[in-house]
Amino acid sequence: MNAVTLAALEAFPGQLEAHFAAFPSGFTQWAPPSWAGVPSEPLTALEQVCHVRDIEIDGYQVRFHRTLNESHPTLVSIDTDALVIERGYGTSDAAQALLDFRAARARTVALLAGLAPDRFDRTAVFEGYGPVTLRGLVHYLCSHDQQHLAGLQWLLGQIEASRVPANG
């Protein structure tokens, strides 16, 4: 597996924590009047942290294990909107969600780093994406990480825009 991608996966928990810590007091559950242009799912900062944690554990870890242990499995997509409600993202403990994510990502990186190169050629069908290799899934996870850093930066930009008086 590409060393740059594995390093990015390993570094992401610290980046997520730093981005979340950049939110002004009282704004971790703030939502803009419009989500037009958001580069990630339309989620508050707290909801994004919970989403990233759950996609790691219930999404990609399951997908990786199934791809490694089953013959060309079909991997389901996860309904983010349903999880936001079912798991009460808006009332979650951010510090615990970040800790849980950090531990989950460490397990993911350990799994991937320990695989023989040919294991990344195993195939699956990823709902909404089509045929994929394990290597491709790893790249999709890395892309997902980057989308959420962009989403958090976008929210910070929206917060700043909300502070500008209407007449400039």
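1. Section: the overall build of the protein
- Within the protein, the secondary structure is distributed over five helices and three strands.
- In terms of overall size, the protein behaves like a compact globule, its C-alpha atoms giving a radius of gyration of 17 Å where 168 residues would be expected to give roughly 15 Å.
- Each principal axis of the C-alpha distribution contributes one length, and for the protein these read about 60 × 30 × 25 Å.
- Counting every position in the protein, which comprises 168 residues, the buried fraction comes to 43%.
- Look at the contacts in the protein between residues 6 or more apart in sequence, and 77% of them connect residues 24 or more apart.
- Here the protein contributes 11 positively and 18 negatively charged side chains, and the mean placements of these two sets differ by 5 Å.

2. With respect to the side chain of Asp 54
- Structurally, Asp 54 can be placed in helix 2 (residues 45-69).
- Within polar-contact distance, the side chain of Asp 54 engages the side chain of Arg 53 at 2.8 Å.
- In this view, Asp 54 contacts Gly 59, Leu 83, Arg 87 and Tyr 89; residues no more than four positions away in its chain are not counted.

3. Thoughts on the packing of aromatic side chains
- Tallying each qualifying case throughout the model produces nine aromatic pairs.
- Seen from their ring centres, Phe 27 and Trp 30 are 6.1 Å apart, and the 55° between their planes marks the pair as tilted. Note on accessibility: Phe 27 and Trp 30 belong to one class, buried.
- Relative to Phe 64, the ring of Tyr 60 lies with its centre 5.9 Å away and its plane at 55°, an arrangement referred to as tilted.

4. Brief notes about the nonpolar core
- Ranked by internal contacts, the top residues of the largest apolar core, which has 26 residues, are Phe 12, Leu 16, Phe 20, Phe 23, Val 49 and Ile 159.
- Residue assignment for this core shows that the elements contributing at least two residues are helix 1 (3-21), helix 2, helix 3 (80-86), helix 4 (94-113) and helix 5 (134-162).
- Judged by nonpolar contacts, the second largest core, of 19 residues, contains Tyr 60, Phe 120, Phe 126 and Leu 134.

5. A look at the sheet that holds strand 3 (residues 130-133)
- Strands sit in the order 1-2-3 across an open sheet of three strands; the sheet is mixed. On the outer flanks of this sheet lie strand 1 (74-75) and strand 3, each paired with one strand and no other.
- For strand 1 and strand 2 (residues 123-126), the ladder comprises two bridges, and the chain directions are parallel. Residue Thr 74 lies in a different strand from strand 2, and its bridge partner there is Val 125.
- Lying over the sheet, helix 5 contacts strand 1, strand 2 and strand 3, oriented at roughly 95° with respect to strand 3.

What counts as what
Residues numbered from 1 in each chain as written. Predicted model: local features only at pLDDT ≥ 70, side-chain atom pairs only at ≥ 80, totals over all residues. Heavy atoms only, no water. Helix = DSSP H or I, 4+ residues; strand = E, 2+ residues; numbered from the N terminus. Rg over C-alpha atoms; globule rule 2.2 N^0.38 Å. Buried < 20%, exposed > 50% of the residue type's maximum accessible area, 1.4 Å probe, protein only. Contact = heavy atoms within 4.5 Å. Lys, Arg positive; Asp, Glu negative; His and termini not counted. Charge placed at Lys NZ, Arg CZ, Asp CG, Glu CD. Polar contact = N/O pair within 3.5 Å; in protein donor to acceptor, adjacent residues only side chain to side chain. Phe/Tyr/Trp six-rings, centres within 6.5 Å; stacked < 30°, edge-to-face > 60°. Core = buried A, V, L, I, M, F, W, Y, C linked by side-chain atoms within 4.5 Å. Pairing = 2+ DSSP bridges. Axes fitted to C-alpha atoms, helices over the stretch in contact; angles between N-to-C directions.

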